[in-house]
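Overview (structure and organization)
Here are the chains, one letter per residue:
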Amino acid sequence: MEKKINVYLMGKKYEVPEGLTIMGALEYAGYRLVRGCGCRNGFCGACATIYRIKGERELKVALACQTTVEENMYVATLPFFPLEKQVYDINDIKVDAQIMMQLYPEIYCCIGCNACTNACSQSLNVMQYIAAAQRGDFKACAEMSFDCVMCGICSSRCPAGISHPQVALLARRLNGKYIAPEAKHLTKRVEEIENGEFVAELEAVMQKPIEELKELYNNRVIEK
């Protein structure tokens, strides 16, 4: 028989099989997840969750799809982290250090505590990519933050109130539009799509039954 452990979900006690993720335990307990879940594999960042182990003082934050339940774990999900999201037109802003000062001035209040890095669900060096953003080194910031899933867990730990994922997103947008070399093959393909060269092929694909689409996907040629 499966070994069962005690967990507390939204204030109620449940016995669930050992080895389940927090998300799996919620579903085992009968919760129907319609918000705060997405890819279920650590890529979308939608399932940020807080928890505490009975007898311990520390309040921990993690992704529910990645974190395994523990005995006497108290769990509460969060609908979102209140990240500061500025509105801007990427075509109108300039690539200089001042843009971060204008849009996300809180990054200059960083105290170097490294709490953001320690909390990151993707093991990114968050504090260092924020330091790169402070210097105006958007290329370095973009590269170091490339695997960010925008879960906001880093920001939940930040005493300076920095919206790390939004800062990183701005750096990646600036790098992609103004700094990185043009991907000429991508530009060419976009032009072909806009000229309607693939309309017939797309319409043909849309008419295929699901099983045939699965077969095409599973046997597709993958470019190296």
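From a predicted model like this one, the values you see are computed outputs, not experimental measurements. (Residues numbered from 1 in each chain as written. Predicted model: local features only at pLDDT ≥ 70, side-chain atom pairs only at ≥ 80, totals over all residues. Heavy atoms only, no water.)

Here the focus is the nonpolar core. Residues Met-100, Ile-107, Val-126 and Leu-170 are the most contacted members of the largest nonpolar core, which totals 28 residues. At the level of secondary structure, the elements contributing two or more residues to this core comprise helix 2 (98-103), helix 4 (126-135), helix 5 (138-144) and helix 7 (164-179). Each residue touching Val-126, except ones within four places of it in the same chain, is listed here: Cys-116, Thr-117, Cys-120, Cys-154 and His-164. Within the second largest apolar cluster, 24 residues are counted, among which are Ala-25, Ala-62, Ala-119 and Val-149. (Core = buried A, V, L, I, M, F, W, Y, C linked by side-chain atoms within 4.5 Å. Buried < 20%, exposed > 50% of the residue type's maximum accessible area, 1.4 Å probe, protein only. Helix = DSSP H or I, 4+ residues; strand = E, 2+ residues; numbered from the N terminus. Contact = heavy atoms within 4.5 Å.)

Under the definition given, this model contains two aromatic pairs. An angle of 5 degrees between the planes, with centres 4.2 Å apart, marks the rings of Tyr-8 and Tyr-74 as stacked. In this pair, Tyr-8 is assigned in strand 1 (residues 4-9) and Tyr-74 in strand 5 (residues 73-77), connecting sequence segments 66 residues apart. With a relative accessible area of 29%, Tyr-74 lands in the partly exposed category. A centroid spacing of 6.0 Å and a plane angle of 70 degrees characterise the contact between Tyr-14 and Tyr-31, whose relative ring orientation is edge-to-face. A residue pair is termed long-range when its members are at least 10 positions apart, and Tyr-14 in strand 2 (residues 12-17) and Tyr-31 in the loop between helix 1 (22-28) and strand 3 (48-53) qualify at 17 residues. Among the residues examined, Tyr-31 registers a relative accessible area of 26% and is labelled partly exposed. It is Lys-177 that lies over the ring of Tyr-178; its NZ or CZ is 5.7 Å from the centre. (Phe/Tyr/Trp six-rings, centres within 6.5 Å; stacked < 30°, edge-to-face > 60°. Lys NZ or Arg CZ within 6 Å of the ring centre and 35° of its normal.)

Another aspect to go through is the pairing of strand 1. Counting buried positions along strand 1 yields five of six residues, so the element is predominantly enclosed. Judged from the six bridges that link them, strand 1 and strand 2 form a sheet pairing that is antiparallel. Across the sheet, residue Tyr-8 finds its bridge partner in strand 2, namely Lys-13. Connecting strand 1 to the next strand, strand 2, in antiparallel fashion are two residues, including Met-10 with a positive phi near 55 degrees. In terms of strand pairing, strand 1 meets strand 5 through three bridges, oriented parallel. Bridge assignment links Leu-9 to a residue of strand 5, and that residue is Val-75. (Pairing = 2+ DSSP bridges.)

The strand order across the open sheet built from five strands is 2-1-5-3-4, with neighbouring strands paired in mixed fashion. Where the open sheet ends on each side, the last strands, each with one partner, are strand 2 and strand 4 (60-63). Adjacent strand axes in the sheet meet at a mean angle of 35 degrees, parallel and antiparallel pairs treated alike. Pairing of strand 3 with strand 4 involves four bridges; the strand directions are antiparallel. Looking across to strand 4, one finds that Ile-50 is bridged to Val-61. (Axes fitted to C-alpha atoms, helices over the stretch in contact; angles between N-to-C directions.)

Let us look at the packing of helix 4 against helix 7. Between two packed helices, the angle of one axis relative to the other and the distance separating the axes together describe the packing. Relative orientation of the contacting elements helix 4 and helix 7 amounts to 50 degrees, with a least axis distance of 10 Å. When the axis of helix 4 is compared with that of helix 7, the two are oblique. When you trace helix 4 past helix 7, the crossing you get is left-handed. Residues Val-126, Tyr-129, Ile-130 and Ala-133 of helix 4 touch helix 7, and the partners they reach there are His-164, Pro-165, Val-167 and Ala-168. (Parallel < 35°, antiparallel > 145°, perpendicular 65-115°, else oblique. Left-handed = near helix turned anticlockwise from the far one by under 90°.)

We now examine the pairing of strand 5. Both strand 3 and strand 5 contribute to a ladder of five bridges, which runs antiparallel. Along strand 5, the bridge assignment pairs Arg-52 with Tyr-74.

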